[in-house]
Amino acid sequence: MTTHHSIHPLDAALALSSSRSEGAGQYTGHTSPAYWNMVGPFGGITAATLLQAVMQHPDRLGEPLSLTVNYAGALAEGPFTLQATPVRTNRSTQHWTLSILQAGADGAPVVTTTATVVTAARRETWGAADTPMPQVPAPAQCKPVQPAFRSEWLQRYEMRPVTGALPEQWDDSGDTSLSQLWMRDAPARALDFCALAALADVFFPRVWLRRARQVPAGTVSITVYFHAGADLLAQTGTGYLLGQARAQEFRNGFFDQTVQLWNEAGAMLATSHQIVYYKE
């Protein structure tokens, strides 16, 4: 009897290949229709792909500590080249620069995305949790929501809002940018650093909630800070994460967003900050 195992959509999207002729740290990949947004890939999958290049680099030291992604231009459907370079390795930290390139209209390579990553060798020290997980209903008590839009990437996540779902009426009546929701990959998948990086970007633009107006918006830059090591991610497994997102300021066509992600046991796994463009 033969058992067929299909690859998870996330693992398929993160697939990168390299050859000795391309040089260390140069990879090729292809955008995934499973994570397509309205005009390009879901930003979280691009961030996860950049981190994946570091995770499979033979010279990597330790585990991810931070990831910053700058979306310089649109990533088009099709193949791309990813360059990951460890620019400095210290005793306990390693610093990386990364870029994604695609062929432009004239065939010459054009940078679409830049990033930096810091990895680190974690060690046991004193610790404290100054931002505890909010008291919220358990995932089973929160109904999953169907995607509000036709963007394919929304099918890749199970989302169970606690508060701060999208407005039912786009009538400028919004008064808060706060959202809390349980989330995980769909189908369920054991959590790792790349999946966590993508989950940090699943929230709808805060300006949509704060204004109850659906205006064009897109992330310019996002930074994810990883507070959990691989052992804690393994303990989390396929469980839900509680995500909390809010903005702090909307001004002159840009707003920020701050996010916290906890597992069901209440351990904070990651935080993120991003700056987002919005258009009137």
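Just so you know, these numbers come straight off a predicted model, no measurement behind them. (Residues numbered from 1 in each chain as written. Predicted model: local features only at pLDDT ≥ 70, side-chain atom pairs only at ≥ 80, totals over all residues. Heavy atoms only, no water.)

Caption draft 1: Focus on unusual backbone geometry. The omega angle of the peptide bond from Ala186 to Pro187 is -5°, so this bond is cis rather than trans. Within the fold, Pro187 resides in the loop between strand E7 (179-185) and helix H3 (193-199). In this model, Asp172 sits at a positive phi of 65°, which is unusual for a non-glycine residue. As for its position among the elements, Asp172 is in the loop between strand E6 (157-163) and E7. Its identity as a non-glycine residue notwithstanding, Asn252 has a phi of 55°, on the positive side. As for its position among the elements, Asn252 is in the loop between strand E10 (250-251) and strand E11 (254-263). What makes Asn252 exposed here is its relative accessible area of 69%. (Helix = DSSP H or I, 4+ residues; strand = E, 2+ residues; numbered from the N terminus. Buried < 20%, exposed > 50% of the residue type's maximum accessible area, 1.4 Å probe, protein only.)

Caption draft 2: Layout of the pairing of strand E2 (residues 63-71). With eight bridges connecting them, E2 and strand E5 (residues 109-120) associate as antiparallel partners. Residue pairing for E5: Val69 is matched across the bridge by Ala115. Both E2 and strand E8 (residues 217-226) contribute to a ladder of five bridges, which runs antiparallel. In the sheet register, Thr68 faces E8, and the bridge partner there is Thr223. (Pairing = 2+ DSSP bridges.)

Caption draft 3: Summary view of the layout of surface pockets. Approximately 960 Å³ is the volume attributed to the largest pocket. Looking at the largest pocket, it is lined by 35 residues, and the ones nearest its centre are Asn37, Val39, Ala217, Gly218 and Thr219. Of all the elements in the fold, those that place two or more residues in the lining of the largest pocket are helix H2 (43-55), E5, E8, E11 and strand E12 (268-278). No other element matches the four residues that E8 contributes to the lining of the largest pocket. A breakdown of the residues in the lining of the largest pocket according to their chemical character gives 21 nonpolar, 13 polar and one charged. The calculated volume of the second largest pocket comes to roughly 740 Å³. As for the second largest pocket, its lining consists of 25 residues, and the residues nearest its centre are Arg122, Arg123, Thr125, His227 and Ala228. Tallying contributions element by element places helix H5 (residues 230-236) first for the lining of the second largest pocket, with three residues. Among the residues making up the lining of the second largest pocket, the classes are represented as twelve nonpolar, seven polar and six charged. (1 Å grid on protein atoms, 1.4 Å probe; cavity = no way out; pocket = protein on both sides within 12 Å on 5 of 7 lines; lining within 4 Å. Points joined across faces, edges and corners; volume = space filled by probe spheres on them. Nonpolar A, V, L, I, M, F, W, Y, C, P; charged D, E, K, R; others polar.)

Caption draft 4: View of the packing of aromatic side chains. Inspection of every chain in the model, using the stated rule, returns twelve aromatic pairs. A ring pair is formed by Tyr35 and Tyr157, whose centres lie 6.4 Å apart and whose planes are at 70°; its orientation type is edge-to-face. Note that Tyr35 is positioned in the loop between strand E1 (26-30) and H2 and Tyr157 in strand E6, a separation of 122 residues in sequence. Exposure remark for Tyr35: the relative accessible area of 0% places this residue in the buried category. Accessibility expressed as a relative area gives 7% for Tyr157, which makes it buried. Residues Phe42 and Trp153 carry aromatic rings whose centres are separated by 4.0 Å and whose planes lie at 0° to one another, so their mutual orientation is stacked. Of this pair, Phe42 sits in the loop between E1 and H2 while Trp153 sits in the loop between E5 and E6, and the two are 111 residues apart along the sequence. Exposure class is identical for Phe42 and Trp153. Each is buried. Counting every residue linked through ring pairs, the aromatic cluster contains Tyr35, Phe42, Trp153 and Tyr157. The ring of Tyr240 has Arg184 sitting right over it, with the charged end atom 4.1 Å from the ring centre. (Phe/Tyr/Trp six-rings, centres within 6.5 Å; stacked < 30°, edge-to-face > 60°. Lys NZ or Arg CZ within 6 Å of the ring centre and 35° of its normal.)

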